[in-house]
Amino acid sequence: MPFDCICWSLLRKFFSSKDKLGKEEYSPEIVDPPSDLKWDDPYYDIARRQIVEVAGDDNFGRKVIVFSACRMPPSYQLDHSLLLKYLKHTLDKYVESDYSVVYFHYGLNSQNKPSFAWLVEAYKEFDRKYKKNIKALYIVHPTRLIKAFLVVFKPIISMKFGRKILYVNHLGELEQYLKCERMVIPTCVKRFDEQFQSVQKSMPPVPAKKLPNQQFGISLPELREKDPDHKVIPLVMEQAAIYIKRNGLNKEGIFRRSANMYVVKEVLQKYNNGVPVDYNAYNDVHLAAVMLKTFLRELPEPLLTYSLYNQVISFGQVAESKQIETIAEMIRSLPQDNYAVLHYLVVLLGLIADNSDLNKMTASNLALVFGPALLWAKDAAISLSAINPINHFTQLLFENYTEIIPAK
């Protein structure tokens, strides 16, 4: 049979068959409406379903966009054209940076499956602007049918894009690439995943042992005590910041680009094993930027602390005339180590923003990058409705840091 006939045969099968993986999920998962959109917003009906979410960064410093098939209602209840516009609207904030997409396939079924015509339209709509900086597409819980579909489609769409597609059989595998506890993972997806994890969950977890020289995943006071000179600024931050100041102030897209994942792992292991790191040997300022962001994300508690989370999320209720004063009061409540490290960070980012005519990184762009790395909830995943106020708070902090957080 000719190749094109095989292609169309598979396409017809995909769009006419019932996906066994989603067969039991005949109705979409119900979630709470987003708090940051009014009912008359043109995207309210799409946004309230939380089909598309933003989930901070992955382990390589790339923004993560989550698409959950199980939250798609039956096709007659969903305006797919509006969904496409909302997806582009969400991505537009992040496509200038390197980013990844996580697609939870569980829950896609014959009732909510988009049409082939819609996929063709989506492919045409997502031009090079969107495809250039996507670094990975993680397909979680893939079925044999979708694998066969993509095997046929990858060379038709783009061999280069095809290499970015990664199949993830269960959430344990996804942990290699990002922190699942900080992601918005639908409840039904978690339930479905339990059958893959049943053996592991029946065994007691083995606690990870801290290495003598470990730098990542260690609290700021502990790092200060371990340092021979009891420096407040952690080694990773200090070395990365020095290299960035020398080589990255004029680098376009600094903090927006990712680095080679294997090199990131290598440098992280060097730091944790007490092996000296020389960024000059790697000659990649984006590597230093990724290591700095990774260090912040790996802290046991966010730099802005859990205690400030609810205040930041509700910060939009503060009168505009009092916002700077309120931020200053909140920052003054931070522990001494957190205050010092935050000051060190915002001074560096202030230098970056001062050169934004060359590096294209304004305070607003830096807030998009650093907001989720500075604050996250203790017992909840980051959602799009939480990221927006966090980013707004962070932008005001960066724009007014000399007034808000003077050096002690």
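Residues numbered from 1 in each chain as written. Predicted model: local features only at pLDDT ≥ 70, side-chain atom pairs only at ≥ 80, totals over all residues. Heavy atoms only, no water.

### Quick notes on the overall build of the chain
And step 1. Of regular secondary structure, the chain possesses 21 helices and 5 strands.
And step 2. Counted over contacts in the chain with a minimum sequence separation of 6, partners at least 24 positions apart contribute 80%. (Helix = DSSP H or I, 4+ residues; strand = E, 2+ residues; numbered from the N terminus. Contact = heavy atoms within 4.5 Å.)

### Let's talk about the pairing of strand 4 (residues 134-140)
And step 1. The buried fraction of strand 4 amounts to 6 of the 7 residues, a majority that puts the element mostly inside the structure.
And step 2. Summarising the sheet, strand 3 (residues 99-104) and strand 4 pair through 6 bridges and their orientation is parallel. In the sheet register, Phe 104 faces strand 4, and the bridge partner there is Val 140.
And step 3. Where strand 4 meets strand 5 (residues 165-168), 4 bridges bridge the pair, whose relative direction is parallel. Residue pairing across strands places Leu 137 opposite Ile 165, the latter belonging to strand 5. (Buried < 20%, exposed > 50% of the residue type's maximum accessible area, 1.4 Å probe, protein only. Pairing = 2+ DSSP bridges.)

### Quick notes on the packing of aromatic side chains
Given two aromatic rings, their pairing is described by the distance between the two centres and the angle made by the two planes.
And step 1. All told, the structure shown has 10 aromatic pairs when counted by the stated rule.
And step 2. With a centroid separation of 4.5 Å and 25° between ring planes, the pair formed by Tyr 106 and Phe 192 is classed as stacked. In this pair, Tyr 106 is assigned in the loop between strand 3 and helix 4 (116-125) and Phe 192 in helix 9 (residues 187-201), connecting sequence segments 86 residues apart.
And step 3. Phe 192 gets classed as buried once you look at its relative accessible area, which sits at 15%.
And step 4. Look at Phe 255 and Phe 370: their rings are 4.9 Å apart centre to centre, the planes differ by 70°, and that puts the pair in the edge-to-face class. Placement of the pair is Phe 255 in the loop between helix 11 (235-247) and helix 12 (261-272) and Phe 370 in helix 19 (residues 363-374), with a sequence separation of 115 residues.
And step 5. A network of ring pairs unites the aromatic residues Phe 216, Tyr 271 and Phe 295 as a single cluster. (Phe/Tyr/Trp six-rings, centres within 6.5 Å; stacked < 30°, edge-to-face > 60°.)

### A word on the pattern of salt bridges
And step 1. Taken as a whole, this structure holds 11 salt bridges when the rule is applied.
And step 2. Among the ionic pairs, Arg 257 bridges to Asp 98, the shortest N-O distance being 3.6 Å. With Arg 257 in the loop between helix 11 and helix 12 and Asp 98 in the loop between helix 3 (80-91) and strand 3, the pair connects residues that are 159 residues apart, well separated along the chain.
And step 3. For Asp 98, a relative accessible area of 4% corresponds to the buried category.
And step 4. A salt bridge links Asp 337 to Arg 224; the nearest nitrogen and oxygen atoms lie 2.9 Å apart. A residue pair is termed long-range when its members are at least 10 positions apart, and Asp 337 in helix 17 (residues 336-354) and Arg 224 in helix 10 (residues 220-226) qualify at 113 residues.
And step 5. Residue Asp 337 is classed as buried on the basis of its relative accessible area, which comes to 6%.
And step 6. The partly exposed category is assigned to Arg 224, whose relative accessible area is 23%. (Salt bridge = Lys/Arg side-chain N within 4 Å of Asp/Glu carboxyl O.)

### Brief notes about the sheet that holds strand 5
And step 1. Strand order across the open sheet formed by 5 strands is 1-2-3-4-5, with mixed pairing between neighbours. Every other strand in the sheet has two partners, leaving strand 1 (52-57) and strand 5 as the edge strands with one partner each. For this sheet, the mean angle separating the axes of adjacent strands, direction not counted, is 25°.
And step 2. Across the face of the sheet, helix 3 comes into contact with strand 1, strand 2 (63-68) and strand 3 while running at roughly 20° to strand 1. (Axes fitted to C-alpha atoms, helices over the stretch in contact; angles between N-to-C directions.)

### Quick look at the packing of helix 3 against helix 4
And step 1. With their axes 11 Å apart at the nearest point, helix 3 and helix 4 run at an angle of 25° to one another. Judged on the interaxial angle alone, helix 4 and helix 3 are roughly parallel. The handedness of the crossing between helix 3 and helix 4 comes out as right-handed. Of the residues in helix 4, those touching helix 3 at His 80, Ser 81, Leu 83, Leu 84 and Lys 88 are Trp 118, Glu 121, Ala 122 and Glu 125.
And step 2. Looking at the contact of helix 3 with helix 4 residue by residue, the classes come out as 4 nonpolar, 2 polar and 3 charged. (Parallel < 35°, antiparallel > 145°, perpendicular 65-115°, else oblique. Left-handed = near helix turned anticlockwise from the far one by under 90°. Nonpolar A, V, L, I, M, F, W, Y, C, P; charged D, E, K, R; others polar.)

### Things to note about unusual backbone geometry
And step 1. A positive phi angle, close to 75°, is found at Phe 255, a residue other than glycine.
And step 2. Since its relative accessible area comes to 1%, Phe 255 is described here as buried.
And step 3. One non-glycine residue, Asn 283, lies in positive phi territory at about 50°.
And step 4. Take Asn 283: it is sitting in the loop between helix 13 (279-282) and helix 14 (285-298).
And step 5. With relative accessibility at 65%, the residue Asn 283 sits in the exposed group.

### Focus on the environment of Ser 115
And step 1. Looking at the secondary structure, you find Ser 115 in the loop between strand 3 and helix 4.
And step 2. Residues Ser 115 and His 80, spaced 35 residues apart in sequence, show a C-alpha to C-alpha distance of 9.2 Å.

### Brief notes about the nonpolar core
And step 1. Residues Leu 174, Phe 255, Leu 296 and Phe 370 are the most contacted members of the largest nonpolar core, which totals 90 residues.
And step 2. No other element matches the 9 residues that helix 14 contributes to this core.
And step 3. If sequence neighbours within four positions are ignored, Leu 296 has contacts with Met 237, Leu 303, Leu 345, Phe 370, Ala 373, Leu 374 and Trp 376.
And step 4. Counting 34 residues, the second-largest nonpolar core is a separate cluster that includes Ile 46, Leu 78, Tyr 103 and Phe 126. (Core = buried A, V, L, I, M, F, W, Y, C linked by side-chain atoms within 4.5 Å.)

### Comments concerning the confidence of the model for the chain
One rule of thumb: low pLDDT means the predicted coordinates there are not for detailed reading.
And step 1. In the predicted model, the chain carries a mean pLDDT of 84, and the fraction of residues at 70 or more is 84%.
And step 2. Ranking the helices and strands of the chain by mean pLDDT puts helix 11 first, with 97, and helix 1 (residues 3-16) last, with 50.
And step 3. Residue range residues 19-26 is modelled with pLDDT below 50. Its contacts to residues more than four positions away, or to other chains, number 22 contacts. (pLDDT = per-residue confidence, 0-100.)

### Details of the environment of Phe 161
And step 1. Note that Phe 161 resides in helix 7 (residues 159-162).
And step 2. Owing to a relative accessible area of 23%, Phe 161 belongs among the partly exposed residues under this scheme.
And step 3. Each C-alpha atom, one on Phe 161 and one on Lys 135, is 8.7 Å from the other, the two residues being 26 residues apart in sequence.

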